[in-house]
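Geometric and topological summary
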Amino acid sequence: MSLDLRVPMGLMFTLVGAILVAFGISTNGSPIYNASLGINANLWWGLVLLVFGLTMLLLGRRSQKRLAALPPEPVDETRSRLGH
Amino acid sequence: MLNLTAVDWLIMVLYFVFVLGIGFALKRYMKTSKDFFQAGRALPAWICGLAFISANLGAQEVIGMGASGAKYGLETAQFYGIGAIPAMVFVGIFMMPFYYGSKARSVPEFLRMRFDEKTRALNACSFAVMTVFSSGISMYAMARLIQALHVFDGLFHALGWNPDGIFTFSIVLSAIIVLAYIFLGGLTSAIYNEVLQFFLIIAGFLPLVLLGLKNIGGWSGLKASVPAQYMHEWHGVAHASTNPMGIEIIGIGMGLGFVLGSGYWCTDFLVIQTAMASKNMESARRVPLIAAVPKIFFPFLVILPGLLAIGLPTPHTKTVERNVNGMIVRDTTIVPKNVEEGRGLVPAKINPVTGKAMLDTNGNPLLDYDLATPNMLLHFFPTGILGLGLTALLASFMSGMAGNVTAFNTVFTYDLYQSYIHKGGSDRHYMAVGRWATVGGILLSIATAYAAINFNNIMDTLQLVFSFVNAPLFATFLLGMFWKRATGHAAFSGLIAGTSAAVIHHGLTLPLLAHPGIHGGWIAVVHHYHSDMAQNFWTAIWAFGVNAVVTVVVSLLTKPRPESELVGLVHSLTPKPPKAHDVWWKSPEALGAAVLLMAVALNIFFY
């Protein structure tokens, strides 16, 4: 088996995005957004990170499933693999 | 005062959990020393490519390029267009076949294969020392920045701890995290985390640039707010006195482009190790080229915040009254004194004794350019995304440290321990040595960070010494890879002569307005440069030139190695790498050409 980096990375950005979106919704209209020119930076940037994180997660999961479905031998030099 | 709330801490803690989690998850794959030091040579090209630039995306890059953007404007983009991109293409197309193909496990080991034992020993020792000091400097800079931004002040106050401990707390925290994930997962872990840090840095800084640009009125607004020469990369470079950096075109092209940029990107094991970890020759050659693509756009991410900081209006403490449902609400924005006395969002340097802004000889405040980018974060980010921005800043410091530490443990174990201290040990033994070398390297870095507190000039001095050691390196590799006649004795004497030339040049020249001493001129002043940057570039050119000449002359006087021993190490004696791809546009050459075209387009845009 291998550890596809996109899975943990996607998970992290999904979580960060979700936290920012939730916080952004709960603070919508608050004066803390005077700093960011009146834009709810948490909500909007949180959405961007959420989409990025989910995309990574999806791609990572799909390639892991594909790898698991393949027969383990022979070792293919062109495929990403950790360990031997 | 920085007000961090629970959501900021949550994001920061989440990041640390993932960083450590990746280390733990990778532990079970670390079975041999090859897994630990070389990531099993099994990683995909895109991961290695992003780690390739992320290893360099440390504090010096994020803070330093922002500072340089505020100080010199877009001329800073020369470090990318001339300094980095062509060198990255060169190392990918022409040099990687020898690094990867020789099966060397490190850059010093390549030098032993191509030249001889003493050249490797010289390079391994100087490199090991430099990596430890660099990671110490990175640690010190991070702890000082955390202090300056008061990141942990609230936490310390809440816990009732003495705020004097913030410096130590920052250093110990970062050391433990970096140590843990490298100890567990070796180079793979460092590379994976560098990729994570790469995306995090973009996630933290891109919204900053967008908000800054919106505030200043877009690109045209930025143009109107800063002096005209700040917006050009190439204007006035024909003569040193007509551009902000004070360097003329030959100094930039030769010094930065040919010597310093190539010297770093083509020979520094810190970045080369990530390419050498990839799964096959095709990937290894593509790694620097993949890295070059985001690198082209990095000026927008790291230089622009500094330039925006100088261009924005200086904020002042003010109170805004609002009417909310009949109630009068007063919002007071308190601006620290050093920011009010600075220029734009770049604060003034405050004399710690008098508490007043320090002035230069013309009565203008001296600006603390290193705080340009961090101050932008504090100015634009509300709590929430502020946590993300600060985490990105911390991540950049850690990725710089981690790259140094993995480079150190590999060079120490393979090139020093296995070669000179204990030959013929078991693979398991060397892996354990590598793990403990990681611990040792980090402890030495901590010692460096503390030494930097007590000796004011230690950072400048170290960086100066690095530049003397690094400047001649590229000539040795270039002659080694492309001239089969170059010999070991020649490479060794060339390196020594090149470094001596750098030292002597520095001792004989001085930037304008500087006093003899650490800035140069400590032998005698025979020439003045317009800026310290110009002096640096010319020091590098002299070191490179002297090394090249000495290597050629000594080579011609010594006995060459038989050609059969040099197959795979020298260009003319090595068969062309096999073409693995039938699609022409996937080949490294096509990718390299595309990258160069994009770099040219960027230079035209910034003209």
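Conventions and cut-offs
Residues numbered from 1 in each chain as written. Chains lettered and ligands numbered in written order. Predicted model: local features only at pLDDT ≥ 70, side-chain atom pairs only at ≥ 80, totals over all residues. Helix = DSSP H or I, 4+ residues; strand = E, 2+ residues; numbered from the N terminus. Buried ≥ 20, exposed ≤ 12 C-beta atoms within 10 Å, placed from the backbone. Contact = placed C-beta atoms within 7 Å. Nonpolar A, V, L, I, M, F, W, Y, C, P; charged D, E, K, R; others polar. Domains from an automatic or database assignment. pLDDT = per-residue confidence, 0-100.

Turning our attention to the overall build of chain A. Summing up its helical and strand segments, chain A has two helices and zero strands in all. Across the 84 residues in chain A, those meeting the buried criterion constitute 33%. Of the contacts made within chain A by residues no fewer than 6 positions apart, 75% connect residues no fewer than 24 positions apart.

What follows deals with the interface of chain B and chain A. Taken together, the contacts link 38 residues of chain B with 29 residues of chain A. Those elements that provide at least two residues to the side of chain B that touches chain A are α1 (6–27), α9 (166–216), α15 (372–380) and α16 (385–421) of chain B. Ranked by the residues each element gives to the side of chain B that touches chain A, the list is headed by α9 of chain B, at 10 residues. Per-class residue counts for the side of chain B that touches chain A are 25 nonpolar, eight polar and five charged.

Looking now at the domain arrangement of chain B. All names here are of chain B. By the assigned domains, chain B splits into domain 1 (6–305 + 374–454 + 590–605), domain 2 (318–367) and domain 3 (457–574). Taken over C-alpha atoms, the centre of domain 1 sits 33 Å from the centre of domain 2. Each side of the interface is counted separately: domain 1 has four residues, and domain 2 has four residues. In terms of residues, the side of domain 1 that touches domain 2 owes the most to one element, α15, which gives three residues.

The subject of this paragraph is the confidence of the model for chain B. Of all residues in chain B, 91% attain a pLDDT of 70 or more, and the chain-wide mean is 84. Listed scores for the predicted complex are pTM 0.87 and ipTM 0.85.

With that settled, the discussion passes to unusual backbone geometry. Phi at L37 of chain A takes a positive value of approximately 60 degrees, unusual for a residue other than glycine. By the element assignment, L37 of chain A lies in the loop between α1 (6–26) and α2 (41–69). A positive phi angle is found at R41 of chain B, which is not glycine, with a value near 45 degrees. For R41 of chain B, the location among the structural elements is in the loop between α2 (33–38) and α3 (45–54).

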